Number of protein chains: 2
Amino acid sequence: MSLETVSETRSHGGVQGVYRHASTSTNTDMVYSVFVPPQVALGRPLPVLWYLSGLTCTHANVTEKGEFRAACAEQGIIFVAPDTSPRGPDVPDDPEGLWDFGQGAGFYLDATEEPWSRHFNMATYIVDELPLLIAEHFPADMMRQGITGHSMGGHGALTLALRNPGLFRSVSAFAPIVAPGLVPWGRKALRHYLGELGPAWRQHDTVALIEDGARVGELLVDVGEADPFLEKELRPELLESACDLAGIDLTLRRHAGYDHSYYFISTFMADHVRWHAQRLAG
Amino acid sequence: MSLETVSETRSHGGVQGVYRHASTSTNTDMVYSVFVPPQVALGRPLPVLWYLSGLTCTHANVTEKGEFRAACAEQGIIFVAPDTSPRGPDVPDDPEGLWDFGQGAGFYLDATEEPWSRHFNMATYIVDELPLLIAEHFPADMMRQGITGHSMGGHGALTLALRNPGLFRSVSAFAPIVAPGLVPWGRKALRHYLGELGPAWRQHDTVALIEDGARVGELLVDVGEADPFLEKELRPELLESACDLAGIDLTLRRHAGYDHSYYFISTFMADHVRWHAQRLAG
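Predicted model only: the values in this text are computed from it and were never measured.

Visitor: How would you sum up the overall build of chain A? Please name residues and give values.
Guide: Helix and strand counts for chain A come out as 10 helices and nine strands. If you line up chain A on its principal axes, its C-alpha atoms span 50 × 40 × 35 Å. The buried share among the 282 residues of chain A stands at 61%. Carbon and sulfur atoms provide 50% of the accessible area of chain A, an area that totals close to 10,300 Å². Each charge class in chain A was averaged separately, 21 positive and 35 negative side chains, and the resulting centres sit 4 Å apart.

Visitor: Describe in detail the pairing of strand S2 (residues 14–22) of chain B, supporting the description with residues and values.
Guide: Residue and element names in this part refer to chain B. As defined by bridge partners, strand S1 (residues 4–11) adjoins S2 across seven bridges and the pair is classed as antiparallel. Paired with threonine 9 across the bridge in S2 is glutamine 16. Between S1 and S2, which follow one another and run antiparallel, lie two residues, and histidine 12 among them has a positive phi close to 50°. Hairpin geometry of S2 and strand S3 (residues 29–36) is characterised by an intervening segment of six residues between the two adjacent antiparallel strands and by a positive phi of about 55° at asparagine 27.

Visitor: Give me the relation of the copies chain A and chain B: which residues, what numbers.
Guide: Mapping chain A onto chain B calls for a rotation angle of 180° and an axial translation of 0.0 Å; the resulting RMSD is 0.0 Å. As the rotation angle and translation indicate, the two copies are arranged about a two-fold axis. The rotation axis passes nearest to the C-alpha of lysine 65 of chain A in chain A, at a distance of 2.7 Å. A shared interface surface links the copies, since 100% of the contact residues of chain A are contact residues in chain B too.

Visitor: An account of the UniProt feature "active site" (unreviewed entry) in chain A is requested, with residue identities and associated values reported.
Guide: All names here are of chain A. Residues given the UniProt feature "active site" (unreviewed entry) here are Ser151, Asp227 and His260. The annotated residues occupy 110 residues of the chain but converge on a single region, no pair of C-alpha atoms lying more than 10.8 Å apart. Its place among the elements puts serine 151 in the loop between strand S6 (140–149) and helix H4 (152–163). In this structure serine 151 touches Gly54, Phe174, Ala175, Pro176, Ile177, Trp185, Leu234 and His260, once residues within four positions along its chain are discounted. A relative accessible area of 5% places aspartate 227 in the buried class. Once you skip the residues sitting within four places of it in the chain, aspartate 227 turns out to touch Ala175, Leu234, Tyr258, Asp259 and His260. Within the structure, aspartate 227 has its side chain in polar contact with the backbone nitrogen of phenylalanine 229 (distance 2.8 Å).

Visitor: I'd like a rundown of the nonpolar core, residues and numbers included.
Guide: Ranked by internal contacts, the top residues of the largest apolar core, which has 92 residues, are Tyr32, Phe79, Ile134 and Tyr193 of chain A. What tyrosine 193 of chain A contacts, discounting residues up to four positions off in sequence, is Phe101, Gly102, Ala105, Gly106, Phe107, Leu109, Ala111, Thr112, Glu113, Trp116 and Phe120 of chain A. Counting 91 residues, the second largest nonpolar core, distinct from the first, contains Met30, Ile134, Ala214 and Tyr258 of chain B.

Visitor: Now, about the interface of chain A and chain B: what can you tell me, with residues and values included?
Guide: Often the size quoted for an interface is simply the accessible area lost on bringing the parts together. On the chain B side, the residues contacting the 20 residues of chain A number 20 residues. In this assembly, chain A packs against chain B so that about 1,700 Å² is buried in total across both faces, 52% of it on carbon and sulfur atoms. The largest contributions to the chain A side of the interface with chain B come from Arg10, Glu67 and Tyr263 of chain A, which together make up 37% of the buried area. Taken together, the connections running from chain A to chain B amount to two salt bridges. The closest approach of N and O atoms between glutamate 67 of chain A and arginine 69 of chain B, which form a salt bridge, is 3.5 Å. Where chain A meets chain B, there are 12 residue pairs in polar contact (both at pLDDT 80 or more). Listing elements by their share of the side of chain A that touches chain B, those giving two or more residues are strand S1 (4–11), helix H1 (59–65) and helix H10 (262–280) of chain A. With four residues, H10 of chain A is the single largest residue contributor to the side of chain A that touches chain B.

Visitor: How would you explain the sheet that holds strand S5 (residues 78–81) of chain A if you had to name every residue and give the values?
Guide: In spatial order, the strands read S1-S2-S3-S5-S4-S6-S7-S8-S9 (chain A); together these nine strands make up an open sheet with mixed pairing. A single partner strand is all that each edge strand has here, and the edge strands are S1 and strand S9 (249–255) of chain A. Within this sheet the neighbouring strands show an average axis-to-axis angle of 20°, counted without direction. Both S6 of chain A and strand S7 (residues 170–174) of chain A contribute to a ladder of two bridges, which runs parallel. When the bridges of S7 of chain A are listed, isoleucine 147 of chain A appears paired with valine 171 of chain A. Along the sheet, helix H3 (residues 122–137) of chain A makes contact with strand S2 (14–22), strand S3 (29–36), strand S4 (46–52), S5 and S6 of chain A, crossing S3 of chain A at roughly 55°. Against the sheet, helix H10 (residues 262–280) of chain B engages S1 and S2 of chain A, with an angle of about 30° to S1 of chain A.

Visitor: How would you explain the pattern of salt bridges if you had to name every residue and give the values?
Guide: Side chains bearing opposite charge may pair, as long as their charged atoms lie close to each other. Residue and element names in this part refer to chain B. For the structure on display, the rule yields 30 salt bridges over all chains. Notably, a salt bridge pairs lysine 188 with aspartate 94, separated by 3.0 Å at the nearest N-O pair. Separated by 94 residues along the polypeptide, lysine 188 in helix H5 (residues 184–194) and aspartate 94 in the loop between strand S5 (78–81) and helix H3 (122–137) bring together distant segments of the chain. Assigned by exposure class, lysine 188 and aspartate 94 land together as buried. Of the charged contacts in the structure, one is a salt bridge between aspartate 212 and arginine 202, with a shortest N-O distance of 2.9 Å.

About the thresholds
Residues numbered from 1 in each chain as written. Chains lettered and ligands numbered in written order. Predicted model: local features only at pLDDT ≥ 70, side-chain atom pairs only at ≥ 80, totals over all residues. Heavy atoms only, no water. Helix = DSSP H or I, 4+ residues; strand = E, 2+ residues; numbered from the N terminus. Buried < 20%, exposed > 50% of the residue type's maximum accessible area, 1.4 Å probe, protein only. Areas by Shrake-Rupley, 256 points an atom, 1.4 Å probe, with all protein chains shown as cover. Lys, Arg positive; Asp, Glu negative; His and termini not counted. Charge placed at Lys NZ, Arg CZ, Asp CG, Glu CD. Pairing = 2+ DSSP bridges. Least-squares fit on C-alpha atoms with pLDDT ≥ 70 in both. Contact = heavy atoms within 4.5 Å. UniProt positions renumbered as here; feature names shortened; annotations may be inferred. Polar contact = N/O pair within 3.5 Å; in protein donor to acceptor, adjacent residues only side chain to side chain. Core = buried A, V, L, I, M, F, W, Y, C linked by side-chain atoms within 4.5 Å. Buried area = accessible area lost by both parts, 1.4 Å probe. Salt bridge = Lys/Arg side-chain N within 4 Å of Asp/Glu carboxyl O. Axes fitted to C-alpha atoms, helices over the stretch in contact; angles between N-to-C directions.

Here it is as structure tokens:
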């Protein structure tokens, strides 16, 4: 598969790249970023940490503001940041003209409803298509993948890990949407992409997946107590009780004073990178 | 002096703030950012590191992409990032409509020529006005100030330190313009702000100031060898020979593969913060 290099820039001893390719999952061009740390010089394949971004974001937000490179350079981790949805003039968008659905809001699932199903296939894109491209073009050990994400991207990280047992050795999230079937952002997206409330919704809902028997070994989740979306959209207490019932080892950290922004994410990014690195070692 | 809080956000255990005030130096509103680290809780005034930004930037570039907060939180440093010029519809701008002069390009001097002299007084703003505001509103020890900056802001850090002996205990720069009287960006700015080539130019030119006897104790300067502006605009070799002749202890680090961007700055930011912290301690 061919890859167009948008930019490659030296940073923290490694290379921060941005790439574009024609995606067969989304039927659009897709852009993503990859940081390759200095340990590439050792000649051995390196573990990969996926970072899925939140509503309205592209690869660029975390690439510019995420402060992951120092920790990835320290730990020898390749960091991949995909876009959050297909984009372009031919891609349908929110009929209400809002920012919480459509372009920038793919919710990391494969849509089954028209007109979304032609382009909005982010689950296939993240789990099947992009990893092949990463494996082909970067010194990545695809047996050692971890995944994390923020908000809608935290939802993506958790649901994709639960739906694909064994694919990701380590899973974490920043301020994730954990019960999209119960909250406004999620209900709007699931209704459009998957049709009215039904069994399909539970396949893309972290709490429902856990209730229905899906498992991951352990989870690290950070939330800010001053996050304006905490009570209405994120509802970490639902994840806490689902993990408790299911026996999943959840470390849920509530940080006083922190909000939903990259000022929050960047504060705890190095913790997450090191947590994944420990679990992806060897 | 009154201060309007634009935003205050928890990050890295401290608070990243953005503030606006009516400046008597520039006769405009000015916006700047301040990071106050967690050590504020100890109740003692903390050292201050000024960061002067480069052409086209505002306070926001380094605040979002500079990756200084982790190191400032570790070292107990207050980090202040001013804007690069006055701005607004009443402020004159580059007659050619380019980005390298006028708004976003104040060059950290007080203009003497019309129509610039009414607003473009960034030297007075940075050295006299803003420190009073910082001292009044933040837990800052103004006897312990360091200064750094990038590109045009590196020029600002070096010239303001050389022109104000003893004001800054520590001085460093990222990819600074060191001889504005000899390079295109600098000549354009000095001609407009100060009039045709004459003695005034040497007062705002690092290499000329050193040649004319101004001194700082030591300097840390980082440049990227893949910086597209290195040979034509930055010319670090001129700083090297001036410091050599003057007996100034210059540590000039040339980094293979690095460019002029925040991918370069953020890589070495923690080094600079720690270097300043050592010299501002106690």
